[in-house]
Amino acid sequence: MKRLFFILITLFFLSNAFGQETVAFNADSLFLKARSLAFNNQRVEARDSLQKLLEVYPEYVDAELLLAKTLSWDGDYAQARKHFNRLTSKEKKSQELWVAAVKNEIYAENHAIALGLANKALTHIKNDPELTSLKHNSVSQIYKDYEIYEVLKTENAETDEKNSFSVTSTATVFDKTFDPFYEMKVAYARKAKWGVLIPRITYAERFDIQGYQFEVDAYPTFSKKLHGYLNYGFSDQIIFPKHRIGAELYSELPKAREASLGLRHLRFNEVNTTIITGSYGLYTGNWYFSGRPFVSFGNDDVGFAGSLLARKYFKDANNYLDVNFTYGIDVDNNQFFARGQLLAESVTYLSTQRLRFAYQFTLVDKVNSINTSLNLSRQELPFSPNDFVFSATVGLQYKFQF
């Protein structure tokens, strides 16, 4: 019996040992198969295999690293980050791991995080050329990001040393009641030591009435953290306000933020309207977000509106995509007829919802640019309360610098 017991125990341990060798061999084979799938653009299948492998061998570092890389390649940066964080907390001397973790943040445009990871990696792997290069690239991108933020401080003003000339044309069509509107603007922007000056002429055709408006914008710079906006416009045509005045003061805040406070004043034939406004904006990565309220006073009425802007920058400040939503009063001051009479002064109290898309890109010379826009609007009719007209406005602007 003792001999039989010894034989059974021996067979048990031998079987277990051979079984473990077989599992280990299969794990390595499965990893190599997953690696082959990953590098042949079959990353979903590769991840399935890697996850099965990690269920049995949760500490298989190469498998988890490859899993994290495939997630990063497919744009799932958050999930990839979880794996990278887990691995870098243990495998502090793996250059391949640190490089992949830093690149994941660069792909996600989290350049400050990428810089922090690169610095941390270099404390464990001294003077590594690839990590040092990634660190310098992150610093350069952060600097570029804040250059774009400096551009944002002057909003629509020219932001380089060149002067520019632009031509903008728009057309608006309605689903009922109104014939199309047409508008064209010509503007010249001149850079000076104190800021930017932009004279502008606008021609519009509405309700078979043609008219011009003459305006000038100024963007004075008072200090590195304080700048302003001034506007004056005049027209003797009823499709425009007779006088329009604007002023706003912008202050740069810490952490790439900005706030402003200002007003717009419109003088019509019968009524004067004052609009109080302001803004709060922040810059994060290559995105700029801004919110702007409007409160209008005039003719014993009060109107409200709000505007939200999201802007995505691409290779530089002249290449971007805008999405802008406005709700409330008609802050664009479009004019409509009521009972056969043009009511320019009533439009600041009409309910409006607008969704505007704009895309600007530079041409081959990387200096001149084209801006395209689409504006979708739902506008209350002045002669029929709670009745709305829908419109679409397409715009095209060409700007060249010299």
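Our structure's up above, just so we're on the same page.
Residues numbered from 1 in each chain as written. Predicted model: local features only at pLDDT ≥ 70, side-chain atom pairs only at ≥ 80, totals over all residues. Heavy atoms only, no water.

> Honestly, the packing of helix α3 (residues 61–73) against helix α5 (residues 95–107) in this entry has me stumped. Any pointers?
A pair of packed helices can be characterised by two numbers: the angle between their axes and the separation between those axes. It is at 10 Å that the axes of α3 and α5 come closest, and there the two elements cross at 20 degrees. When the axis of α3 is compared with that of α5, the two are roughly parallel. With respect to the hand of their crossing, α3 and α5 are arranged in left-handed fashion. Residues L65, K69 and S72 of α3 pack against E96, L97, A100, N104 and Y107 of α5. (Axes fitted to C-alpha atoms, helices over the stretch in contact; angles between N-to-C directions. Helix = DSSP H or I, 4+ residues; strand = E, 2+ residues; numbered from the N terminus. Parallel < 35°, antiparallel > 145°, perpendicular 65-115°, else oblique. Left-handed = near helix turned anticlockwise from the far one by under 90°. Contact = heavy atoms within 4.5 Å.)

> I tried to follow α5 on my own but got confused; where do I start?
Since there are 3.6 residues in each turn of an α-helix, residues three or four apart along the chain are aligned in direction. Along its 13 residues, α5 runs 18 Å from first to last C-alpha, staying within 8% of the 18 Å computed at 1.5 Å per residue. Of the residues making up α5, those classed as buried are L97, W98, V99, A100, A101, V102, N104 and E105. (Expected span 1.5 Å × (residues − 1). Buried < 20%, exposed > 50% of the residue type's maximum accessible area, 1.4 Å probe, protein only.)

> Looking at this structure, I do not really get the nonpolar core. What am I missing?
Taken as a class, soluble globular proteins show a tendency for nonpolar side chains to be buried jointly. Counting residues in each nonpolar core, the largest one holds 33 residues, and the members touching the most others are F31, L50, Y60, A63, F84, V102 and L131. For this core, the secondary-structure elements that each account for two or more residues are α1 (2–38), α2 (43–56), α3, α4 (77–88), α5, α6 (111–124) and α7 (129–152). (Core = buried A, V, L, I, M, F, W, Y, C linked by side-chain atoms within 4.5 Å.)

> Would you mind showing me how to read empty space enclosed by the protein here?
Gaps left between atoms show up when a probe the size of a water molecule is rolled over them. Applying the stated rule across the entire model yields 2 cavities of 30 Å³ or more. Lining of the second largest cavity is provided by R81, F84, N85, T88, A101, N104, E105 and L117. The set of elements that each furnish at least two residues to the lining of the second largest cavity consists of α4 and α5. The greatest single-element share of the lining of the second largest cavity, amounting to 4 residues, is contributed by α4. Considering only residue class, the lining of the second largest cavity consists of 3 nonpolar, 3 polar and 2 charged. (1 Å grid on protein atoms, 1.4 Å probe; cavity = no way out; pocket = protein on both sides within 12 Å on 5 of 7 lines; lining within 4 Å. Points joined across faces, edges and corners; volume = space filled by probe spheres on them. Nonpolar A, V, L, I, M, F, W, Y, C, P; charged D, E, K, R; others polar.)

> Could you clarify how one ought to interpret the packing of α4 against α5 in this entry?
Across the interface, α4 lies against α5 with an axial gap of 10 Å and an inter-helix angle of 150 degrees. Viewed along their axes, α4 and α5 adopt a mutual orientation that is roughly antiparallel. For the element pair α4 and α5, the recorded crossing hand is left-handed. Residue-level inspection shows Y77, A80, R81, F84, L87 and T88 of α4 in contact with α5, the latter providing L97, W98, A100, A101, N104, E105 and Y107. The residue inventory of the contact of α4 with α5, partitioned by class, reads 9 nonpolar, 2 polar and 2 charged.

> Please explain the pairing of strand β1 (residues 164–174) as it appears in this structure.
Side-chain positions along a regular strand alternate between the two faces of the sheet. Inspection of the sheet shows β1 paired to strand β2 (residues 181–192) by 9 bridges, in the antiparallel sense. Bridge pairing links F165 to Y188 in β2. The turn linking β1 back onto β2 is made up of 6 residues, and T177 within it adopts a positive phi angle of 75 degrees. (Pairing = 2+ DSSP bridges.)

> Sorry if this is basic, but what is going on with a nonpolar patch on the surface here?
On the surface, F314, L321, V323, F325, Y327, L355, F357, Y359, L374, L376 and V394 cluster together into a nonpolar patch covering about 890 Å² of accessible area. Elements that contribute at least two residues to the nonpolar patch include exactly β11 (320–328), β14 (352–362) and β15 (369–381). No other element matches the 4 residues that β11 contributes to the nonpolar patch. Summarising the element assignment, L374 is placed in strand β15. Residue classification places L374 among the partly exposed positions, given a relative accessible area of 34%. (Patch = residues over 30% accessible without salt bridge, like charges linked within 9 Å, V, L, I, M, F, W, Y side chains within 5 Å. Areas by Shrake-Rupley, 256 points an atom, 1.4 Å probe, with all protein chains shown as cover. Salt bridge = Lys/Arg side-chain N within 4 Å of Asp/Glu carboxyl O.)

> Can you help me understand the pairing of strand β4 (residues 209–223) in this one?
In terms of strand pairing, strand β3 (residues 195–206) meets β4 through 12 bridges, oriented antiparallel. Following the sheet pairing, P199 is matched in β4 by V216. Hairpin remark: β3 followed by β4, antiparallel, with 2 residues in the connecting loop; positive phi at F207, about 55 degrees. Sheet topology places β4 next to strand β5 (residues 226–234); 7 bridges connect them, and they run antiparallel. Across the sheet, T221 pairs through a bridge with H227, a residue of β5. What sits between β4 and β5 in their antiparallel hairpin is a turn of 2 residues.

> Explanation requested: α6 in the structure shown.
If you check α6, its first and last C-alpha atoms are 20 Å apart, about what 14 residues at 1.5 Å a residue would give, namely 20 Å. Along α6, the positions that sit buried rather than exposed are H111, A114, L115, L117, A118, A121 and L122. Here the buried residues of α6 occupy an arc of 165 degrees about the axis, which is enough to place them on one side. (Arc of directions from axis to C-beta.)

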